[in-house]
Number of protein chains: 2
Amino acid sequence: MFSRLRPLGVVGLGVGGVVVGYLAGNHKTVAHNSWTTNFKPTTPWDWNWDRDPSSLIEPTTKPDGTLNKSALKKNETDDEKTERATCKATRYILLVRHGQYNLDGATDKERTLTQLGEEQARLTGERLNELDLPITRLVYSTMTRATQTAQIMMKHMKQQIDTVETSDLLREGAPIPPEPPLGGWKPERHQFFADGARIEAAFRSYMHRAPPSQTTDSYEVIVCHANVIRYIVCRALQFVPEGWLRMSLHNGSVTMLVIRPDGRVSIRQLGECGHMPPNKLSLT
Amino acid sequence: MFSRLRPLGVVGLGVGGVVVGYLAGNHKTVAHNSWTTNFKPTTPWDWNWDRDPSSLIEPTTKPDGTLNKSALKKNETDDEKTERATCKATRYILLVRHGQYNLDGATDKERTLTQLGEEQARLTGERLNELDLPITRLVYSTMTRATQTAQIMMKHMKQQIDTVETSDLLREGAPIPPEPPLGGWKPERHQFFADGARIEAAFRSYMHRAPPSQTTDSYEVIVCHANVIRYIVCRALQFVPEGWLRMSLHNGSVTMLVIRPDGRVSIRQLGECGHMPPNKLSLT
């Protein structure tokens, strides 16, 4: 057995303890100090990541203590304003990856779902139906494979979905150069230029806490693409966005993000596809 | 509709573009520049995270060009040594959370699986059986609920598992203070002191690339606890370890990590529990 604990012998205890590996060469050799007693988070959570609505209200008193006339005009106390701007509900967002599709298609229109892809979409729709979540909104990317997936899913869901929307922002693309880079996947620089800000805009458009007017928790479905989902997950969880390629997602898999009223975000499942029999699983 | 794109109007383009929010107050207002064209990763991937075996070999030539006598004694060329130290296989590691258990138990022994917890363990065992992965090793935490889960799972798996081990390192605990902190969960400082290094040791013991002697890909199961799994996932993916509480995991759920020979790590699913009917899902 390859002993893993042996290198511990050379770990210096304490903050910034450095492992002097045997012939370290060019490798980084700093030990993570996450298990020391005086641990300080390297990156504090940004509570205002989505422009917390309460940060958008205009108080009646200026920082220097004088009255803010423009705010007074609105005839509302600061407490009332804060109440009006405070989020009350939790958003559950289910990110679904499209089913398997014809990789040989020359255009997006020709990149239609394979028969397996259609079955995956059906199975995912059936699972969401079985879970019986009160889904009120479904948004899908305008690319053919996502559109087909969404439409098949909806056929198998008995929920009355109030809002069904399409979005170009959710189309597949190259969000940012991944770290670590991947040998086989090297988009041209112009692709990041074309797609990066658009996928970031998708994140800002769809991932945010509930508007203050929303009083009950909501369940929403977004049908889109692996890169878009992975980038959104990194951004929403405030992990380094360039880490998006450290995840891979099965076709038709369901990822669930939870956005609390206080701006806290968590993930309950990533790439769930246990609702599919083993012979229906695919990654392409 | 709560417009999310409006604030974009005040985003300064370029690296470090700063959003001057309306009455920003104490909130952090730095815009993420992840969609700019001159993106640089904030944290390069540490390829040597698990003490890459190839960094442990002793070359026959010293950095100053002179011969290294102690290395020459071993009668092996540098190429042979590198070959001997090079990883060849991929490890697939399935992290299973135990089933629901009796929260009222005063001692670990009394915190046995509930009837639902037993069913979850059975369903997860059946799923792993159905997936028919060539599982060769199963390790479980010595806590009662993990032990029971592992034993029920194994009853339902036809795989001949060569190695079945138990580990105290995998027991539940408080890895490090979470960021963001959670109101309802505030362990005493001494708990982090007692558990932190031990859970980090669990990570270092079980998460590493395949030993060079391993020539075929392997599938291994680790049955343990939510905090342990979440901390391991953050560390393995090189996301900030204090972010472990940004994930929540269903009982009996399966998380799969993939460790490539080059030291790349990715996650294929987190908290998968789609193999359970909706009335068998639980989070406690």
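All of these numbers come straight from a predicted model, not from anything done at the bench.

### Details of the overall build of chain A
Of the regular secondary structure elements, chain A holds six helices and six strands. Sequence-ordered secondary structure for chain A, helices as α and strands as β, is α-α-β-α-β-α-β-α-β-α-β-β. Looking at chain A residue by residue over its 284 residues, the buried ones come to 56%. Contacts in chain A between residues far apart in sequence, at least 24 positions, make up 70% of those at least 6 positions apart. When the accessible surface of chain A is summed, it comes to about 12700 Å², and 54% of that surface belongs to carbon and sulfur atoms.

### Some details on the nonpolar core
Counting 68 residues, the largest nonpolar core has Met207(A), Leu257(A), Met207(B) and Leu257(B) as the members making the most contacts within it. Beyond its immediate sequence surroundings of up to four residues, Met207(B) is in contact with Trp49(B), Asp50(B), Arg91(B), Ile93(B), Ala202(B), Ile232(B), Ala236(B), Leu257(B) and Ile259(B).

### Describing the state of the cysteines
Residues and elements named next belong to chain B. One pass over the full model with this rule turns up zero disulfides over all chains. Free cysteine Cys-224: the closest other cysteine sulfur is in Cys-234, separated by 14 Å. Among the residues examined, Cys-224 registers a relative accessible area of 0% and is labelled buried.

### As for the packing of aromatic side chains
Taken as a whole and assessed by the stated rule, the structure comprises six aromatic pairs over all chains. Look at Tyr92(A) and Tyr219(A): their rings are 4.5 Å apart centre to centre, the planes differ by 5 degrees, and that puts the pair in the stacked class. With a gap of 127 residues between them, Tyr92(A) in strand β1 (residues 91-97) and Tyr219(A) in strand β4 (residues 218-224) connect regions that are remote in the sequence. The same class applies to Tyr92(A) and to Tyr219(A), which are both buried. The interplanar angle of 70 degrees and the centroid separation of 6.5 Å between the aromatic rings of Trp45(B) and Trp47(B) together place this pair among those described as edge-to-face. For Trp45(B), a relative accessible area of 4% puts it in the buried group. Seen from the ring of Tyr101(A), Arg145(A) lies directly overhead, with NZ or CZ sitting 4.0 Å from the centre.

### Section: the confidence of the model for chain A
Residue and element names in this part refer to chain A. In this model, chain A carries an average pLDDT of 85, and 85% of its residues clear a pLDDT of 70 or more. Across residues 1-35, where pLDDT falls below 50, the model places 64 contacts with residues more than four positions away in sequence or in other chains. Predicted complex, confidence summary: ipTM 0.85, pTM 0.85.

### Let's talk about the environment of Val164(B)
All names here are of chain B. Residue placement: Val-164 occurs in strand β3 (residues 163-167). As for Val-164 and Val-221, which are separated by 57 residues in sequence, their C-alpha atoms are 9.5 Å apart. Beyond its immediate chain neighbours, meaning those up to four positions away, Val-164 contacts Leu-138, Tyr-140 and Met-154.

### Observations concerning unusual backbone geometry
In the segment running from Glu179(A) into Pro180(A), the intervening peptide bond is cis, with an omega of 0 degrees. Within the element layout of this structure, Pro180(A) appears in the loop between β3 (163-167) and α5 (189-206). The phi angle at Asp132(B) is positive, at roughly 60 degrees, despite the residue not being glycine. With respect to the element layout, Asp132(B) can be found in the loop between α3 (115-131) and β2 (135-141).

### So, the side chain of His275(B)
Residue and element names in this part refer to chain B. Structurally, His-275 can be placed in the segment after β6 (265-272). Take His-275: its relative accessible area is 13%, and that puts it in the buried class. Within polar-contact distance, the side chain of His-275 engages the side chain of Thr-124 at 3.1 Å.

### Quick look at helix α6 (residues 226-236) of chain B
Residues and elements named next belong to chain B. Burial analysis of α6 places eleven of its eleven residues in the buried class, the great majority of the element. Looking only at α6, the buried set comprises Ala-226, Asn-227, Val-228, Ile-229, Arg-230, Tyr-231, Ile-232, Val-233, Cys-234, Arg-235 and Ala-236. Looking at the buried residues of α6, the elements they touch are β1 (91-97), α5 (189-206), β4 (218-224), β5 (254-259) and β6. Backbone geometry just downstream of α6 places Gln-238 in the positive-phi region, at approximately 60 degrees.

### Considerations on the pattern of salt bridges
Taken as a whole, this structure holds 23 salt bridges over all chains when the rule is applied. Among the ionic pairs, Asp132(A) bridges to Lys158(A), the shortest N-O distance being 4.0 Å. A residue pair is termed long-range when its members are at least 10 positions apart, and Asp132(A) in the loop between α3 (115-131) and β2 (135-141) and Lys158(A) in the loop between α4 (144-155) and β3 qualify at 26 residues. The exposure class of Lys158(A) is exposed, given its relative accessible area of 58%. Residue Arg235(B) pairs with Glu200(B) through a salt bridge whose shortest N-O separation is 2.5 Å. On the criterion of sequence distance, the pair formed by Arg235(B) in helix α6 and Glu200(B) in helix α5 is long-range, its members being 35 residues apart. A relative accessible area of 7% means that Arg235(B) is categorised as buried. According to the relative accessible area criterion, Glu200(B) is buried, its value standing at 1%. A network of salt bridges, in which partner residues are shared, links Arg91(A), Arg137(A), Glu165(A) and Glu220(A).

Conventions and cut-offs
- Residues numbered from 1 in each chain as written.
- Chains lettered and ligands numbered in written order.
- Predicted model: local features only at pLDDT ≥ 70, side-chain atom pairs only at ≥ 80, totals over all residues.
- Heavy atoms only, no water.
- Helix = DSSP H or I, 4+ residues; strand = E, 2+ residues; numbered from the N terminus.
- Buried < 20%, exposed > 50% of the residue type's maximum accessible area, 1.4 Å probe, protein only.
- Contact = heavy atoms within 4.5 Å.
- Areas by Shrake-Rupley, 256 points an atom, 1.4 Å probe, with all protein chains shown as cover.
- Core = buried A, V, L, I, M, F, W, Y, C linked by side-chain atoms within 4.5 Å.
- Disulfide = S-S within 2.5 Å.
- Phe/Tyr/Trp six-rings, centres within 6.5 Å; stacked < 30°, edge-to-face > 60°.
- Lys NZ or Arg CZ within 6 Å of the ring centre and 35° of its normal.
- pLDDT = per-residue confidence, 0-100.
- Polar contact = N/O pair within 3.5 Å; in protein donor to acceptor, adjacent residues only side chain to side chain.
- Salt bridge = Lys/Arg side-chain N within 4 Å of Asp/Glu carboxyl O.

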